[in-house]
There are 2 protein chains.
Amino acid sequence: MSLKEATVAVLGATGAVGEQILRNLEKRSFPVKELRLLASPRSVGKKIRFNGEEVSVQEAKPEAFEGVDIALFSAGGSVSESLAPEAVKRGAVVVDNTNAFRMNADVPLVVPEVNKDQIKQHKGIIANPNCSTIQMVVALKPLYDRFGFERVIVSTYQAVSGSGAKAIEELNNQSRAALDGQEIPKEIMPVGKLNKHYQIAFNTLPQCDVAQENGFTLEEMKMTRETKKIFGDDQIGVTATCVRVPVQRGHSESVYVELNRDFDLEEVRQALREAEGVVLEDDIQNQVYPTPLDATGRDEVFVGRVRKDVVHPRGLNFWVVSDNLLKGAATNAVQIAEYLVQK
Amino acid sequence: MSLKEATVAVLGATGAVGEQILRNLEKRSFPVKELRLLASPRSVGKKIRFNGEEVSVQEAKPEAFEGVDIALFSAGGSVSESLAPEAVKRGAVVVDNTNAFRMNADVPLVVPEVNKDQIKQHKGIIANPNCSTIQMVVALKPLYDRFGFERVIVSTYQAVSGSGAKAIEELNNQSRAALDGQEIPKEIMPVGKLNKHYQIAFNTLPQCDVAQENGFTLEEMKMTRETKKIFGDDQIGVTATCVRVPVQRGHSESVYVELNRDFDLEEVRQALREAEGVVLEDDIQNQVYPTPLDATGRDEVFVGRVRKDVVHPRGLNFWVVSDNLLKGAATNAVQIAEYLVQK
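The rules behind these values
Residues numbered from 1 in each chain as written. Chains lettered and ligands numbered in written order. Predicted model: local features only at pLDDT ≥ 70, side-chain atom pairs only at ≥ 80, totals over all residues. Heavy atoms only, no water. UniProt positions renumbered as here; feature names shortened; annotations may be inferred. Least-squares fit on C-alpha atoms with pLDDT ≥ 70 in both. Contact = heavy atoms within 4.5 Å. Domains from an automatic or database assignment. Buried area = accessible area lost by both parts, 1.4 Å probe. Salt bridge = Lys/Arg side-chain N within 4 Å of Asp/Glu carboxyl O. Helix = DSSP H or I, 4+ residues; strand = E, 2+ residues; numbered from the N terminus. Nonpolar A, V, L, I, M, F, W, Y, C, P; charged D, E, K, R; others polar. Core = buried A, V, L, I, M, F, W, Y, C linked by side-chain atoms within 4.5 Å. Buried < 20%, exposed > 50% of the residue type's maximum accessible area, 1.4 Å probe, protein only. Expected span 1.5 Å × (residues − 1). Lys, Arg positive; Asp, Glu negative; His and termini not counted. Polar contact = N/O pair within 3.5 Å; in protein donor to acceptor, adjacent residues only side chain to side chain. Phe/Tyr/Trp six-rings, centres within 6.5 Å; stacked < 30°, edge-to-face > 60°. Lys NZ or Arg CZ within 6 Å of the ring centre and 35° of its normal.

As recorded in an unreviewed UniProt entry, chain A goes by Aspartate-semialdehyde dehydrogenase and comes from Melghirimyces algeriensis. As stated in UniProt under Sequence similarities (unreviewed entry), the record for chain A gives "Belongs to the aspartate-semialdehyde dehydrogenase family." Word for word, the UniProt comment on chain A under Function (unreviewed entry) is "Catalyzes the NADPH-dependent formation of L-aspartate-semialdehyde (L-ASA) by the reductive dephosphorylation of L-aspartyl-4-phosphate."

Caption draft 1: Region of interest: the relation of the copies chain A and chain B. Structural alignment of chain A on chain B gives an RMSD of 0.0 Å, achieved by rotating through 180° and translating 0.0 Å along the axis. Given the turn and translation reported, the copies of this chain are related as if by a two-fold rotation axis. Both copies contact each other with a shared surface, as 100% of the interface residues of chain A are interface residues in chain B too.

Caption draft 2: Structural view of the domain arrangement of chain A. Residues and elements named next belong to chain A. Domain boundaries in chain A define domain 1 (6–128 + 329–342) and domain 2 (133–324). Averaged C-alpha coordinates put domain 1 and domain 2 at centres separated by 25 Å. For the pair domain 1 and domain 2, the summed buried surface comes to about 1,700 Å²; carbon and sulfur atoms form 57% of the total. Summed over the shared surface of domain 1 and domain 2, the result is three salt bridges. Those elements giving two or more residues to the side of domain 1 that touches domain 2 turn out to be α1 (16–27), α3 (112–115) and α9 (326–342). Residues that form the side of domain 1 that touches domain 2 fall into these classes: eight nonpolar, seven polar and four charged.

Caption draft 3: Summary view of the nonpolar core. Core analysis: the largest hydrophobic core is formed by 56 residues, its most contacted members being B:Leu316 and B:Phe318. Broken down by element, the residue count for this core peaks at seven residues, all from helix α4 (residues 131–146) of chain B. A:Ile134, A:Val137, A:Leu140 and A:Phe263 belong to the second-largest nonpolar core, a separate cluster that totals 54 residues.

Caption draft 4: Structural context of helix α2 (residues 77–89) of chain B. Residue and element names in this part refer to chain B. The terminal C-alpha atoms of α2 lie 19 Å apart, and with 13 residues this matches the ideal 18 Å at 1.5 Å per residue to within 8%. Restricting attention to buried positions, one finds in α2 the residues Ser 80, Leu 83, Ala 84 and Ala 87. Those residues of α2 that are buried are in contact with β1 (6–11), β5 (70–73), β6 (93–96) and β7 (125–127). Once α2 ends, the next one or two residues include Gly 91, with phi positive near 95°.

Caption draft 5: Structural context of the side chain of B:Glu170. All names here are of chain B. Relative to the helices and strands, Glu 170 resides in helix α5 (residues 165–179). Buried charge Glu 170 goes without a salt bridge, the closest partner of opposite sign being Arg 244 at 9.1 Å. There is a polar contact of 2.7 Å between the side chain of Glu 170 and the backbone nitrogen of Glu 187. With residues near it in sequence (within four places) discarded, Glu 170 still touches Pro 185, Lys 186, Glu 187, Ile 188 and Met 189.

Caption draft 6: Representation of the packing of aromatic side chains. Taken as a whole and assessed by the stated rule, the structure comprises 15 aromatic pairs over all chains. Note on A:Tyr144 and A:Phe149: the rings are 5.4 Å apart at their centroids and 75° apart in plane angle, and the pair reads as edge-to-face. For A:Phe149, a relative accessible area of 1% corresponds to the buried category. An angle of 70° between the planes, with centres 5.2 Å apart, marks the rings of A:Tyr157 and A:Trp319 as edge-to-face. In this pair, A:Tyr157 is assigned in strand β8 (residues 149–157) and A:Trp319 in strand β13 (residues 315–322), connecting sequence segments 162 residues apart. Per residue, the accessibility class of A:Tyr157 equals that of A:Trp319, and both read buried. These aromatic residues form a ring-pair network of at least three members: A:Tyr157, A:Trp319, B:Tyr157 and B:Trp319. The ring of B:Phe216 is capped by A:Arg307, whose NZ or CZ atom sits 4.4 Å from the centre of that ring. Just above the ring of B:Phe263 sits the side chain of B:Lys308; from NZ or CZ to the centre is 3.7 Å.

Below, the structure is given as structure tokens:
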């Protein structure tokens, strides 16, 4: 594909990520010839503003993809599984934001700052990685290129918006109820589709997705598997602990990485400063470091607390924050779409 | 000292930890002959209930320690520095909850579950470790005894009450203001005595104490240094990232430890189950794991998410939660005091 402008379908247009995709297409002046907003039947007819015009939401069904060049999917894994092949059959390239195809051998898993060369290998579907993986690999990329590494240990501090707009509402309602001494409504966190729900307001929950057989959660194993695939390097070992915290938007991560060679801290900082998509905010002596609140609404990945480990001579510690709805989802998807039209 | 009952002074009696010390002395039926509540001049005359009686707060000055057997200090480092020697001079044994003496060679740093034998080595002062260290070493102790280890990497999720009752008030006020779209009052977090303050409500802050020259914070270096001293093992290397989260009470920690020998996960669980002071809540398949909200008001250390690392063959990951005002401070101090009277 090398279009000047494209007919774009946004599937899941009424969701938290869908909304950010639309704002990103506008903000980045994406060359949209025609825009199709697709969602489940209950949202059909709803109007959403795009570039100053009202666009009506249509039903997400196979025929809706006729004539579509690029389809941005963020309506959940099962919807992707059924509709992505239909869109591809009709000539669209699907950029899928769900977990449905990420580990498929013939689906590129792309973070443009790391492996944009993979985009052109697609066979109709390109997968957007998990939010917590994206921000980590963007920060790791300059270290991989300049120093190399095999071992990463990460603990996450994840915002509730990873579970959608309703999860933000739940956090807000629970917070208010807790402050007022009222009963706490618990319906979504930590995992909507599971039976047991915990209070997330003023609490931390060490579970961001369903459990796997090995005792890790799916969210944790996504970080392990996706990082290998994005770097195209099976030697990279990622140990993740994924934790939900009472934050509306913006994931934070405490990352430990063992570099392959000795390093000077200033060399690390320089590599991060020059890296595509990274903003270095690193001066603990003056209390400068990124926080999710400051990262909200911004497209970059923010890195701070960069320090040489006190134990391992080649150990490096840092803190990485990004807006999970933007670089962690919508921005990354729109960036991939940009490569499809321009390159 | 081997008293049947003791004259006890509580310094910082009106603070968040002081209050919990009093509740703990009551709950554990500590053999109190006489209780002296000490605080700064502005609290003098205030009455606090203890074992059904009203006790008046007196001014914390050297003479107040005449006749005191055990003095429990939690009024800040500088108060400890000036008054602990005065209390000791008058025959009291000081259990100090501040950072003032922890690393002094002739001051035992004690977590009874790990090194209660150190208590009798005291020369008048016994130090209570930092809250984030205490809960980690209680969980690590059975692993140290059964498997041995040298390497620990920990990321913390710390409640604001570590910074006192005013910090809880700040979190609550900020949360309400944020929910109402009002201006956010920022006066304490992340470190009261520093100039720059960040919003903690719906945010995470990767700073829990002042910066050190090596780029780590004092809180992080406390975990590194105190763990070596408590285990009496300089080979133990702890890498810590300490993060404040919007939780009122209860610290959580994501811990990675490399054991010295191969292990079976059930053997690890058994060791934790049998360990003094530890409650194992570990069944991710049924969404069972500890959270700070559930740990609030309880004296034990709660461990969950126990799993064999996916990268290092001897790596072990777990999640440990405890009430920072109880086992992280008051409970540990009162436990030490119990050994002073009974043993």
